[in-house]
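# Coordinate inspection notes
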Amino acid sequence: MNSNGGRDIFQKIIDHEIPAEILMEDEQCIVIRDINPGAPIHVLIIPKKNIPRLAEAQESDVPILGHLLLMAQKFAQTQGLSKGFRVVINNGPDAGESVPHLHIHLLAGKPMIWPPC
Ligand code: 5GP
């Protein structure tokens, strides 16, 4: 549930109510292709537990936070991303957060610049 008592778009994807290209899934998270990719490979690693954003994660969320990163690693391995990949979490309006359900972006498939903004 979000602060309005409704379910966010990622929760509806997790519940298979709206379609998405689900590339990996386990009991704790899903990996979907981003609908508006910013790189040749752009996926979102999304916990099934609705943590709204990183700033609201709790000490009890340490295992799921670690699991999400290892899922990113696993995805990169399955895709053979030996030339590199980037993981990003946008937290809050200044960072460009648009969906209030924690997710990690994984981008790859082209050389990227730093800093990104
Ligand atoms: P944020 O801006 O919150 O960090 O990232 C949200 C991401 O979710 C954006 O990159 C956006 O393109 C993606 N997104 C938003 N709605 C959908 C959707 O319905 N399906 C998929 N696959 N991605 C979505």
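Description of the structure in this document.

## Notes on the overall build of the chain
Along the backbone of the chain there are two helices and five strands. For the chain, the succession of helices and strands along the chain, N to C, is α-β-β-β-α-β-β. Principal axes of the C-alpha set define a box for the chain whose edges measure 40 × 30 × 30 Å. Across the chain, contacts joining residues at least 24 apart in sequence account for 54% of those joining residues at least 6 apart. Total accessible area on the chain is roughly 7100 Å²; 56% of this is exposed by carbon and sulfur atoms. Computed over 10 positive and 13 negative side-chain charges, the inter-centroid distance for the chain is 7 Å.

## Comments concerning the pattern of salt bridges
For the structure shown, the criterion picks out seven salt bridges. A salt bridge links Asp-61 to Lys-49; the nearest nitrogen and oxygen atoms lie 2.5 Å apart. With a gap of twelve residues between them, Asp-61 in the loop between β3 (41-47) and α2 (62-79) and Lys-49 in the loop between β3 and α2 connect regions that are remote in the sequence. A salt bridge links Arg-53 to Glu-97, with the shortest nitrogen-to-oxygen separation between them at 2.9 Å. Here Glu-97 lies in the loop between β4 (86-88) and β5 (104-108) and Arg-53 lies in the loop between β3 and α2, a separation of 44 residues in the sequence. The residues Arg-53 and Glu-97 share a single accessibility class, namely buried.

## Notes on the side chain of Gln-11
In this fold, Gln-11 is placed in helix α1 (residues 9-14). Judged by its relative accessible area of 12%, Gln-11 falls in the buried class. Setting aside residues no more than four positions away along its own chain, Gln-11 makes contact with Lys-48, Asn-50 and His-101.

Cut-off values and rules
Counting from 1, residues in each chain are numbered in the order their sequence is written. In view of the model being predicted, local features appear only for residues whose pLDDT reaches at least 70, and side-chain atom pairs are presented and counted only at 80 or more, with totals across whole chains, interfaces and linings using the full set of residues. Note: side-chain values were computed over all heavy atoms of the structure, leaving out hydrogens and water. Helical segments are the DSSP runs of H or I of at least four residues, strand segments are the runs of E of at least two, and each set is numbered from the N terminus. Residue contacts are defined here by distance: any two heavy atoms, one from each residue, within 4.5 Å place the two residues in contact. For accessible areas, the Shrake-Rupley method is used with a probe of radius 1.4 Å. Any residue's cover is judged against the shown protein chains and nothing else. We count Lys and Arg on the positive side and Asp and Glu on the negative side, and we leave His and both chain ends out. Charge placement uses NZ in Lys and CZ in Arg. For Asp and Glu, CG and CD serve respectively. By definition, a salt bridge exists where a carboxyl oxygen of Asp or Glu is found within 4 Å of a side-chain nitrogen of Lys or Arg. When a residue's accessible area, from a 1.4 Å probe over protein chains only, is under 20% of the maximum for its type it is buried; when over 50% it is exposed; and in between it is partly exposed.

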